[in-house]
Amino acid sequence: MSSKAKPSPRKSKKSDAVDLAKEAKLPINKDLSDDQKIDFLRQMVRIRRFEERSLRVYQQGKIGGFLHLYIGQESVVMGCASLMGDDDHLITTYRDHGHALSVGMTMNECMAELQGKATGCSKGKGGSMHYFAPDKNFWGGHGIVGGQTPLGAGIAYALKYKGIKGSCMCFLGDGAINQGAFHESLNLAALWDLPVIFIIENNGYSMGTSQERSSAFPEGGLAARAEGYNIEWDSISGESIYAVRDGVNKAIERAHNESRPTVLEIHTYRYQGHSIADANHKKYRTKEEIEDYRQTRDPINIYRLHLMEAGILTEEASKQIDTEARAEAEASAQFADDSPYPQPEAITEDVYWSVDNDDQTTSQGTHFFND
Amino acid sequence: MAEITYRQALKDAMSEEIERDENVVIIGEEVAQYNGAYKVTEGMLAKYGEKRIVDAPISEAGFIGMGIGASMLGIRPVMELMFWSFAYVAWDQIINNAASVRYMSGGLINVPIVIRGPANGGTSVGATHSHTPENFIANTPGLKVVCPATAYDAKGLMKAAIRDNDPVYVMESTVLYGIAGEVPEEDYIIPIGKADIKREGADVSLIAHSRPVITCLKAAQILKDEHDIDCEVVDLRSIRPLDEDTIIESVKKTGRAVLVEENKPFCGVDAQIAYLIQSRAFDYLDAPIQRISAIDAPAIYSPPLEKLQLPEVDVVVKKVLELF
């Protein structure tokens, strides 16, 4: 080989420092009412308080398996969900609590699902990683890294097939970008002009492996890989909900008006480990790094401060939002505690449509082999 | 009744369903412009256009997963795998996503997808192209798998699969594509989960699915003509759900069972059938249950040896004779 490729950058750079006052004047944000702006804060605070409460429930031993917390990343999904119209859909990874609450799922059904209760959103059958609410255009909650990306393309395919002007926001983590399924999805999305938006929430770590140690990519960052598929891309600072809204809105308009995909990298950070079972999370990064984010880059704090400086939010109103969110989270924990577990029969329910609706099907024979 | 090939029966089934339901779409590698690697979809692009008949790139995980996602919103994709052997590159989508979404959503979402294509040995295409993964699929609650052996069954099961609200995986056979059988003109479906007695008999039950059904019918004729043994041939047609009652009734009648499949023996479909028979018909057995599977090694290329590896007529005849 005569030509020599440039070495891959080691770290996908964050965009410039956020300036919410300036970003508030961007076209997608400038007409927001004060109430809408305050509601964004309220929703982000609700997500955080819910997850903080769920962490305590986990520590009490009431939650099985994994608990992947989203704390620190709330502005990403809130910015995205705040743009959803009737025909915009959302699908994500196992770090799905924020996505669920942001589309309007209740804390009660989410907390009960964590505890495996019959009142959970999936009747206790899905758990933390598998929340669903198709009536709210939310298609999960998927446990396998990158496995949801073809599904996201498929949701967009269905919209296009039906002639619906909509979009599918398909979230993935920075660790998922090396999965084959993601690349196959990118190719199909570009080839077939699918209105899908792949949103890479880059929190810097794929489980315990830093992005520098896991991914090769061009100068522009992780989303710049989209160039190889002739897909438009952008790199956005997730610290600013306004910046998220601006970047994502352009992608939604592209999906609606041109039926073309977009890849977005949104820089963000998670304070907790990959999951709560990740006892090593202070070993693969420094305490100082985590503290720096908490103190100076926390998306909720940054936004709260902006609203106060802009005269939109008072200290009392802010406290009230916080108090209400804590109370709602507390009540959801109580609701989950008070809820029954599913009956044993539930184990074999919701497996086959034709078994659950045997009066409406021609399918027959033995479906389960427990005898 | 007109005779058409197994291949034509599949095409007729898909065509009729495309005309019946606007949400049915055929997606796969070479299904449209190339007219199908095995010509199952020949002429369909010209007739139904590119919205309904879609060429996919060689990207099984991508397009199968995409079909699953689309089916969650009510599209009814019929996805062709050029070979079921290619399913393994899309295994997460086929096994994990298609089977689990309904369950994990507490029944809120259905996945009405069909995945179809050939799953058979016997054509000298070597180990990577000769897999019969019906046992893997049947091991996965949430999925259905059918293995038609005749043109009539191929059409009726394909139509049932497309109308079904659960994921149904149809395993065909390239060896059977050219074989003709009687198929009625009128619309019909074959219920998924219903076995079929392909030949009635009193002395021994030969229980099979897919091409081994045809093998068993030939063996049954020889056993009748040359040895006066009266074989009943039970075609499972559907592996999951399974028609346990038809199997048990047949074995109770004959008192002997020979299970024949192209699957490998360890944890093959017939391991489950053997368990079923001893569990529900033990007292009716006059002899131990016999199994004939593919010889337990990767599919060999060498054509004459591959013939030995798979259950052929002479092996079935010999095994039945051992019981008398």
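See above for the structure.
Residues numbered from 1 in each chain as written. Chains lettered and ligands numbered in written order. Predicted model: local features only at pLDDT ≥ 70, side-chain atom pairs only at ≥ 80, totals over all residues.

**Student:** Mind laying out the overall build of chain B, listing which residues take part and the relevant values?
**Tutor:** A count of helical and extended segments in chain B gives 11 helices and 14 strands. What you see for chain B is a C-alpha radius of gyration of 19 Å, in line with the 20 Å of a compact globule of 324 residues. Taking the principal axes of its C-alpha atoms as reference, chain B extends roughly 60 × 40 × 40 Å. Going through the 324 residues of chain B one by one, you find that 60% of them count as buried. Nonlocal contacts in chain B, meaning residues at least 24 apart in sequence, comprise 79% of its contacts between residues at least 6 apart. (Helix = DSSP H or I, 4+ residues; strand = E, 2+ residues; numbered from the N terminus. Rg over C-alpha atoms; globule rule 2.2 N^0.38 Å. Buried ≥ 20, exposed ≤ 12 C-beta atoms within 10 Å, placed from the backbone. Contact = placed C-beta atoms within 7 Å.)

**Student:** Got a sec to walk through the sheet that holds strand E2 (residues 138–141) of chain A? Specific residues and values, please.
**Tutor:** Residues and elements named next belong to chain A. Reading across the sheet, the six strands line up as E2-E1-E3-E4-E8-E7 and stay open at both edges, with parallel pairing between neighbours. Two strands close off the open sheet at either side, each with one partner strand: E2 and strand E7 (232–237). Put simply, the sheet's adjacent strands are angled 15° from each other on average, direction ignored. Two elements, strand E4 (residues 196–202) and strand E8 (residues 262–267), share six bridges in a ladder whose sense is parallel. Across the sheet, the residue bridging to Ile-199 is Leu-264, located in E8. (Pairing = 2+ DSSP bridges. Axes fitted to C-alpha atoms, helices over the stretch in contact; angles between N-to-C directions.)

**Student:** Please provide a residue-by-residue account of the packing of helix H7 (residues 149–161) of chain A against helix H8 (residues 180–191) of chain A, values included.
**Tutor:** All names here are of chain A. Viewed as axis vectors pointing N to C, H7 and H8 meet at an angle of 20°, and their least axial separation amounts to 8 Å. One element, H7, and the other, H8, form an angle in the roughly parallel class. In this structure, H7 uses Thr-149, Pro-150, Gly-152 and Ala-153 to contact H8, whose residues at the interface are Ala-181, Phe-182, Glu-184, Ser-185, Leu-188 and Ala-189. Class assignment of the residues belonging to the contact of H7 with H8 gives a composition of six nonpolar, three polar and one charged. (Parallel < 35°, antiparallel > 145°, perpendicular 65-115°, else oblique. Nonpolar A, V, L, I, M, F, W, Y, C, P; charged D, E, K, R; others polar.)

**Student:** Can you lay out the packing of helix H8 (residues 244–254) of chain B against helix H9 (residues 269–281) of chain B for me, pointing to particular residues and giving the numbers?
**Tutor:** Residues and elements named next belong to chain B. In contact at an axis separation of 10 Å, H8 and H9 are set at 60° when each is read in the N-to-C sense. Where H8 crosses over H9, the two elements pack in a sense that is right-handed. Contacts between H8 and H9 involve Glu-244, Ile-247, Ile-248, Val-251 and Lys-252 on the former and, on the latter, Ile-273, Leu-276, Ile-277, Arg-280 and Ala-281. Of the residues assigned to the contact of H8 with H9, the class counts are seven nonpolar, no polar and three charged. (Left-handed = near helix turned anticlockwise from the far one by under 90°.)

**Student:** For the pairing of strand E13 (residues 257–260) of chain B, give the residues involved together with the corresponding values.
**Tutor:** All names here are of chain B. Neither face of E13 is open: one carries Ala-257 and Leu-259, the other Val-258 and Val-260, and all of them are buried. Note that E13 and strand E14 (residues 290–292) share three bridges and pair parallel. Across the sheet, the residue bridging to Leu-259 is Arg-291, located in E14.

**Student:** Which residues make up the interface of chain B and chain A, and what values do they have?
**Tutor:** Taken residue by residue, the interface counts 45 residues in chain B and 41 residues in chain A. With 10 residues, helix H3 (residues 60–72) of chain B is the largest single contributor of residues to the side of chain B that touches chain A.

**Student:** Which residues make up the environment of A:Gly61, and what values do they have?
**Tutor:** All names here are of chain A. As for its position among the elements, Gly-61 is in the loop between helix H3 (34–59) and helix H4 (74–81). Take Gly-61: there are 7 C-beta atoms within 10 Å of it, and that puts it in the exposed class. On a C-alpha basis, the gap between Gly-61 and Arg-49 in space is 19 Å, while along the polypeptide they are 12 residues apart.

**Student:** An account of unusual backbone geometry is requested, with residue identities and associated values reported.
**Tutor:** Residue and element names in this part refer to chain B. For the bond from Arg-240 to Pro-241, the omega torsion is 0°, close enough to zero to count as cis. Backbone geometry places Lys-39, a non-glycine residue, at a positive phi of 65°. Inspection of the secondary structure puts Lys-39 in the loop between strand E2 (24–28) and helix H2 (44–48). Take Lys-39: there are 16 C-beta atoms within 10 Å of it, and that puts it in the partly exposed class. The backbone of Cys-267 shows a phi angle near 60°, a positive value even though the residue is not glycine. Tracing the sequence through the fold places Cys-267 in the loop between E13 and H9.

**Student:** Quick rundown of the sheet that holds strand E9 (residues 196–199) of chain B? Include the residues and the values.
**Tutor:** Residues and elements named next belong to chain B. Taken together, the five strands give an open sheet; going across it, the order is E9-E11-E10-E13-E14, and neighbouring strands pair in mixed fashion. The two strands at the open ends of the sheet, each matched to only one other strand, are E9 and E14. Looking at each pair of strands side by side, their axes are set apart by 25° on average, direction ignored. Its contacts with the sheet place H9 against strand E10 (204–208), E13 and E14, and it is angled at close to 165° to E13.

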